[in-house]
Amino acid sequence: MPGLPLPPAAQDAGGFGYPRSTDQTCRQQLRPRLSPDEQLAAEESFALYCKPVELYNIIQRRAVKNPAFLQRCLHYKIHARRKKRIQITVSLSRGTNAEWPEHNIFPLYVLLATPTSNISLEGHSPIYRFNQACLLTSFSEFGNKDHTKATFIIPNLKNLTTSRACGLNIILISREGQVGENIGENNTSGNHVEGSALQKLEGNCNWGKIPIDLLGSSLENCVTLSLGHTVELASTVSMSPSFLEPKFLERDSCLTFCSHKVDATGSYQLQVGISAQEVGARDMSESPYYSYSYSDVPPPMLPHVIRLRAGNVVFNYKYYNNTMQKTEVTEDFACPFCLVPCGSYKGLGCHLNSTHDLFHFEFWISEECQAVNVSLKTDAAWRTELVAEGVDPRHQTFSYCSKFKKRRRLATTAQKTSYVHPHIIDLDSPEDAQAVSEDDFGQKEDGLIYGLHPSCKTGPLSPDVGYG
């Protein structure tokens, strides 16, 4: 079976390079001393895994060229990807910004925006398109908590380097002296601001930005982020005076800044606090596997051990009446039979139960490992063959039975004749009757011409009367 078999040294350490308790069944069971006959029976018992695995390999090879579904469209994979996204919170502290009066900073608008192009005119910033905007009215130590922090969701660390995400910026816009005005108060939900409220921002302001790609490079060095911990960062933002031109706000939720219309001598710097956490951190805190203590791991090896544990799953294959087992480990929550990465431990369970139902699976998780016990189903019927020993089944007669496909039924005569319009003629003269063509009289089918009965001057056609 595919996968990463545990080496003897790693088996004694649980496969992760650190001590483990002896009461955990992740560990490779010690083989009892068996007689030659018992050893042969045990090998035959384990060989029963080969036939279902071979079947799944054939199905997997065919699915490569003609898949029944797209792996990325599975619900549990979409859910796992969303949990890997990062939630960032932006706030300002009074202690780190004590030199500036509050009215010089607030109200402060925080936007998540991307430049529409890298080309900008002289004296103008690029045109930014934003999709989220938040309003801060005071420092994080004071005021309503709904208006002291701005929260956004950004892609995970792997996707931050893509062309679509690398241009993301956190833009800060300060309107000096308007802290007492209710700018956008009626157009806010929590601390999120609607685009219509931002149309009032036209005029002089101070603005600065924090590139998300720089933030991502800092988060890559924080190994505890993948454990569900919150990472605290600080950034210095230079707030430059400018003139906000809202001519794109009404149409495309875009804005740009012009530095020609204001005095450029009033710039200052803000100390911005940023906290980052994975969206699925709450679910991780509920799992005992992520509550493992790394106190016994040397600090230089800590990043390596954390990444090694992230998606490792231990598979114990039971055989010989469940008295023996063999163990292997897969990475990235991958299936040991088809090597499909499943995104999460829960997704792996969905995949195994729905795709490899010839096996019986037992899932259990502890602080030290995520494990799956695998055994053959007793009703799998892989023990007996329908052919004699030594006979190649490929040379046997192959019978195939298929349901008879019903032919499409033609419209009945009554349905066909319902579309024939009645045509009344005078049959007093034989010459007139012979002059009437078959097309005027009706349709001809199966050697019969259906028309009007001589006694009927009006009414439906009668198929009981045939002419000719």
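The model shown is predicted, which means the values in this text are computed figures rather than measured ones.

### Remarks on the overall build of the chain
At step 1: When helices and strands are tallied, the chain shows 12 helices and 18 strands.
At step 2: Looking at the 468 residues of the chain, the share that counts as buried comes to 38%.
At step 3: Of the contacts made within the chain by residues no fewer than 6 positions apart, 69% connect residues no fewer than 24 positions apart.
At step 4: For the chain, the exposed surface amounts to about 28,600 Å²; the carbon and sulfur share of it is 52%.

### Focus on the layout of surface pockets
At step 1: Considered as a void within the structure, the largest pocket measures approximately 1,100 Å³ in volume.
At step 2: Along its surface, the largest pocket is lined by 33 residues, and K84, K158, E278, A310 and D332 are the ones closest to its centre.
At step 3: Breaking the lining of the largest pocket down by element, the ones donating at least two residues are α4 (75–83), α5 (212–220) and α8 (302–310).
At step 4: Top contributing element to the lining of the largest pocket by residue count: α8, with 5 residues.
At step 5: No fewer than three residues from each of domain 1 (39–74 + 301–376) and domain 2 (84–177 + 190–279) sit in the lining of the largest pocket.
At step 6: Its volume calculated, the second largest pocket comes out at about 550 Å³.

### Topic: the state of the cysteines
At step 1: Across all of its chains, the model carries 0 disulfides by this definition.
At step 2: C335 forms no disulfide, and the closest cysteine sulfur to it belongs to C338, at a distance of 3.5 Å.
At step 3: Free cysteine C350: the closest other cysteine sulfur is in C342, separated by 8.8 Å.
At step 4: Owing to a relative accessible area of 34%, C350 belongs among the partly exposed residues under this scheme.

### Points about the pattern of salt bridges
Here the idea is simple: oppositely charged side chains can pair when their charged atoms come close.
At step 1: Under the defined criterion, the tally for this structure stands at 1 salt bridge.
At step 2: A salt bridge links D283 to K83; the shortest N-O distance between them is 2.6 Å. Remark: K83 occurs in helix α4 and D283 occurs in helix α7 (residues 281–286); sequence separation between them is 200 residues.
At step 3: The exposure class assigned to K83 is partly exposed, which follows from its relative accessible area of 25%.

### Re the environment of E331
At step 1: Within the element layout of this structure, E331 appears in the loop between β14 (324–330) and α9 (345–355).
At step 2: Sequence spacing of E331 and L308 is 23 residues, and the spatial spacing of their C-alpha atoms is 8.1 Å.

### Here's the deal with the nonpolar core
At step 1: Counting residues in hydrophobic clusters, the biggest one holds 32 residues, and the most contacted among them are I88, L92, L108, I170, I212 and V272.
At step 2: Elements supplying a minimum of two residues to this core: β2 (86–92), β3 (108–115), β4 (128–136), β5 (149–154), β6 (169–174), α5, β10 (231–245) and β12 (268–278).
At step 3: A per-element tally of this core places β12 first, with 5 residues.
At step 4: Discounting residues that sit within four places of it in the chain, V272 has contacts with V90, S91, L92, L172, I210, L233, A234, S235 and V237.

### Focus: the packing of aromatic side chains
At step 1: Applying the stated criterion across every chain yields a total of 16 aromatic pairs.
At step 2: For the ring pair Y49 and Y317, a centre distance of 5.8 Å and an interplane angle of 85 degrees mean the geometry is edge-to-face. Of the two residues, Y49 sits in the loop between α2 (36–47) and α3 (50–65) while Y317 sits in strand β13 (residues 313–319), which places them 268 residues apart along the sequence. Here the two residues Y49 and Y317 agree in accessibility, since each one is buried.
At step 3: Relative to F257, the ring of W207 has its centre 4.2 Å away and its plane inclined at 5 degrees; by these criteria the two rings are stacked. Placement of W207 in strand β9 (residues 203–211) and of F257 in strand β11 (residues 254–258) is noted, with a sequence separation of 50 residues between them. A single burial state applies to W207 and to F257, both of which are buried.
At step 4: Each member of the aromatic cluster is reached from another via a ring pair, and the members are F46, Y49, Y56, Y317, Y319, F337, Y345, F359, F361 and F363.
At step 5: Over the ring of Y289 we find R309; its NZ or CZ atom is 4.1 Å from the centre of that ring.
At step 6: In this structure, K326 packs its charged tip against the face of F46, placed 4.3 Å from the ring centre.

### Digging into the side chain of S375
At step 1: Secondary-structure assignment places S375 in strand β16 (residues 370–376).
At step 2: Looking at S375, the relative accessible area reads 14%, which means it is buried.
At step 3: Beyond its immediate stretch of four places on either side in the chain, S375 contacts Y49, K318, N322, F359 and H360.

### Re the environment of P341
At step 1: Take P341: it is sitting in the loop between β14 and α9.
At step 2: Sequence-wise, P341 and H351 are 10 residues apart; in three dimensions their C-alpha atoms are separated by 9.6 Å.
At step 3: P341 has contacts with K77, D332, F333 and A334, leaving out every residue within four places of it along the chain.

### Remarks on α5
Given 3.6 residues per helical turn, the α-helix brings residues three or four places apart onto the same face.
At step 1: Those residues of α5 not exposed but buried are I212, L215, G216 and L219. Projected onto a plane normal to the axis of α5, the buried residues spread over an arc of 100 degrees and lie on a single side.
At step 2: Tucked into the core, α5 has its buried residues touching β2, β5, β6, β9, β10 and β12.

### Examining unusual backbone geometry
At step 1: Omega for the bond connecting F106 with P107 falls within 30 degrees of zero, at 0 degrees, which places this linkage in the cis form.
At step 2: Mapped onto the fold, P107 is located in the loop between β2 and β3.
At step 3: Unusually for a residue other than glycine, Y320 sits at a positive phi of about 55 degrees.
At step 4: Assignment of secondary structure puts Y320 in the loop between β13 and β14.
At step 5: Backbone geometry places L339, a non-glycine residue, at a positive phi of 60 degrees.

### What about the pairing of β4?
At step 1: The pairing of β3 with β4 spans 8 bridges and is classified as antiparallel. What sits directly across from L108, in β4, is L136.
At step 2: In terms of strand pairing, β4 meets β11 through 2 bridges, oriented antiparallel. Pairing of Y128 across the sheet is with L255, part of β11.

About the thresholds
- Residues numbered from 1 in each chain as written.
- Predicted model: local features only at pLDDT ≥ 70, side-chain atom pairs only at ≥ 80, totals over all residues.
- Heavy atoms only, no water.
- Helix = DSSP H or I, 4+ residues; strand = E, 2+ residues; numbered from the N terminus.
- Buried < 20%, exposed > 50% of the residue type's maximum accessible area, 1.4 Å probe, protein only.
- Contact = heavy atoms within 4.5 Å.
- Areas by Shrake-Rupley, 256 points an atom, 1.4 Å probe, with all protein chains shown as cover.
- 1 Å grid on protein atoms, 1.4 Å probe; cavity = no way out; pocket = protein on both sides within 12 Å on 5 of 7 lines; lining within 4 Å.
- Points joined across faces, edges and corners; volume = space filled by probe spheres on them.
- Domains from an automatic or database assignment.
- Disulfide = S-S within 2.5 Å.
- Salt bridge = Lys/Arg side-chain N within 4 Å of Asp/Glu carboxyl O.
- Core = buried A, V, L, I, M, F, W, Y, C linked by side-chain atoms within 4.5 Å.
- Phe/Tyr/Trp six-rings, centres within 6.5 Å; stacked < 30°, edge-to-face > 60°.
- Lys NZ or Arg CZ within 6 Å of the ring centre and 35° of its normal.
- Arc of directions from axis to C-beta.
- Pairing = 2+ DSSP bridges.

Honestly, that's just the spatial picture; any functional story needs more than this.
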